[in-house]
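Structure at a glance
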Amino acid sequence: MKPAVHHYTTDVLDWRPFVTPVKLDEASPEQREALKITPSNKKVSDYVLVLAHDPETLLHRSPLFNKIMFGTDGLDRASRELGAIGSSIVNRCIYCVAAHARQYNQLTKTTALVDTIFADETRARLPPREQAVFDFAVKLSAFPPAATGDDIARLSKAGLDPLDIFDLILSAAIFGWANRLMHTLGEPVRAG
Amino acid sequence: MLMPDSIASLAGLAADSPLRALLARRADILELTERSRQAVLSPRDAGGLSPTVRALIAVRAAARLGDFVLKDHYFDLFSHADGAYDLAELADPDKRADDPWLAAVLDHADRLTREPRTATPADIATLKRAVVSDADIVRLAELAAFLAYEARVVAGLRLIEARR
């Protein structure tokens, strides 16, 4: 059995479930309906097949996730990804960090910011706008949530309007959800 | 029953708050949030996690989070659920269930609320030893994860509202 990956990486990872995934050819009509709306090109992932054990929730969470992360107005996509990274660092979801750090790097055509976060985690020193976004996501993701009015003021000063700020709240919050599934129902392993 | 604007009311937005117009621009997201709430708290097929146990988990999570608005909201839901009387003592998150199945479920919910980063495969093995089914393990994770999401959406909105 391949060892689990416990360090930060932007490599493409596989995910090995701790519970038995639903078998596609045994899925109920309700499970099939919930699985269909997940973007899938070749095959349905084990992660989604694990979540198919609760088809009612999967049916709504998949479009919720997509609308929050891929909304076409409001906060820019890279900042939403940075919100996702902040939550995933707090909750140490290695798989989520890898997937969304990769997205962030592709969107911004940079790697330095992600490298800094990998090295210094929640204490990373970043340019002002990215710092405000990352710190807010980290604090909101803490238990209990620790963001304050001062953090909102920093976001405003960095140029985020209230809708942008709400989009950031949503992206960090939806990763509070995703991290609690991905990091607890299975583990990342090297792909291939 | 849960209203379409329950996030706004849980966040304590004033009736004339400009944030309501902002929420209207994300109406699709709030609608899916409500559908998700229904799916994790009052599903058509609850499996082994009864609506009463689900509401109990929500009360305990809100208490752990120190969010008394959410706690009151979910305590109301819990207190109207079948058999709540027998579980009422467990609304205090420091109380542990005598029943091994329920104790394992509540312990794991507590970890998901407070410190998901510490989760390991051993936690799932513990649930399986307590005869919690695979499907119920997933249902439990979705419930606890939704509650974490909701608590942060509400907390964030309160911060914007407080600054206007």
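This report concerns the structure included in the present document. (Residues numbered from 1 in each chain as written. Chains lettered and ligands numbered in written order. Predicted model: local features only at pLDDT ≥ 70, side-chain atom pairs only at ≥ 80, totals over all residues. Heavy atoms only, no water.)

Let's shift gears to the overall build of chain A. Helix and strand content of chain A: nine helices and two strands. Listing every helix and strand of chain A by position from the N terminus yields β-α-α-α-α-α-α-α-α-α-β. A compact globule built from 192 residues would reach a C-alpha radius of gyration of about 16 Å, and chain A, at 17 Å, matches this within 12%. Expressed along its principal axes, the backbone C-alpha trace of chain A runs to roughly 55 × 35 × 35 Å. Nonlocal contacts in chain A, meaning residues at least 24 apart in sequence, comprise 68% of its contacts between residues at least 6 apart. Total accessible area on chain A is roughly 8,100 Å²; 54% of this is exposed by carbon and sulfur atoms. Here chain A carries 22 positive and 23 negative side-chain charges, and the mean point of each set is 4 Å from the other. (Helix = DSSP H or I, 4+ residues; strand = E, 2+ residues; numbered from the N terminus. Rg over C-alpha atoms; globule rule 2.2 N^0.38 Å. Contact = heavy atoms within 4.5 Å. Areas by Shrake-Rupley, 256 points an atom, 1.4 Å probe, with all protein chains shown as cover. Lys, Arg positive; Asp, Glu negative; His and termini not counted. Charge placed at Lys NZ, Arg CZ, Asp CG, Glu CD.)

The next point concerns the overall build of chain B. Summing up its helical and strand segments, chain B has nine helices and zero strands in all. Order of helices (α) and strands (β) in chain B, N terminus to C terminus: α-α-α-α-α-α-α-α-α. The C-alpha radius of gyration computed for chain B amounts to 16 Å, which stays within 12% of the reference 15 Å derived for 164 residues, consistent with globular compactness. A principal-axis box enclosing the C-alpha atoms of chain B has dimensions of 50 × 35 × 30 Å.

Attention shifts here to empty space enclosed by the protein. Residues and elements named next belong to chain B. Summed over all chains, the structure comprises two cavities of 30 Å³ or more. Along the walls of the largest cavity sit Ile57, Arg60, Ala61, Arg64, Pro93, Leu106, Ala109, Asp110 and Thr113, which together make up its complete lining. Within the residue set of the lining of the largest cavity, elements represented by two or more residues are α4 (51-65) and α7 (100-114). What the second largest cavity holds in volume is close to 40 Å³. Lining of the second largest cavity is provided by Ala58, Ala61, Ala62, Leu65, Leu70, Tyr74 and Leu147. Listing elements by their share of the lining of the second largest cavity, those giving two or more residues are α4 and α5 (68-79). Here the lining of the second largest cavity takes four residues from α4, the largest share from any one element. Looking at the lining of the second largest cavity residue by residue, the class counts come to seven nonpolar, no polar and no charged. (1 Å grid on protein atoms, 1.4 Å probe; cavity = no way out; pocket = protein on both sides within 12 Å on 5 of 7 lines; lining within 4 Å. Points joined across faces, edges and corners; volume = space filled by probe spheres on them. Nonpolar A, V, L, I, M, F, W, Y, C, P; charged D, E, K, R; others polar.)

A separate point is the pattern of salt bridges. Considering all chains together, one arrives at 27 salt bridges over all chains under this definition. The partner of aspartate 73 of chain A in a salt bridge is arginine 26 of chain B, with the nearest N and O atoms 3.1 Å apart. Placement of aspartate 73 of chain A in the loop between α3 (55-70) and α4 (77-90) and of arginine 26 of chain B in the loop between α2 (19-24) and α3 (27-41) is noted, with the two residues assigned to different chains. Aspartate 73 of chain A gets classed as partly exposed once you look at its relative accessible area, which sits at 29%. Relative accessible area serves as the criterion here: at 5%, arginine 26 of chain B is assigned to the buried category. Notably, a salt bridge pairs arginine 154 of chain A with aspartate 135 of chain A, separated by 3.0 Å at the nearest N-O pair. With a gap of 19 residues between them, arginine 154 of chain A in helix α8 (residues 149-157) and aspartate 135 of chain A in helix α7 (residues 128-141) connect regions that are remote in the sequence. Judged by relative accessible area, which is 33%, arginine 154 of chain A ranks as partly exposed. (Salt bridge = Lys/Arg side-chain N within 4 Å of Asp/Glu carboxyl O. Buried < 20%, exposed > 50% of the residue type's maximum accessible area, 1.4 Å probe, protein only.)

Attention now goes to the nonpolar core. The biggest cluster of nonpolar side chains holds 127 residues, and the ones touching the most others in it are Ile117, Phe136, Phe166, Ile174 and Leu185 of chain A together with Ile57 and Tyr149 of chain B. Residues within four places of phenylalanine 166 of chain A in sequence aside, it is in contact with Leu22, Leu23, Arg26, Leu30, Val153, Leu157 and Ile160 of chain B. (Core = buried A, V, L, I, M, F, W, Y, C linked by side-chain atoms within 4.5 Å.)

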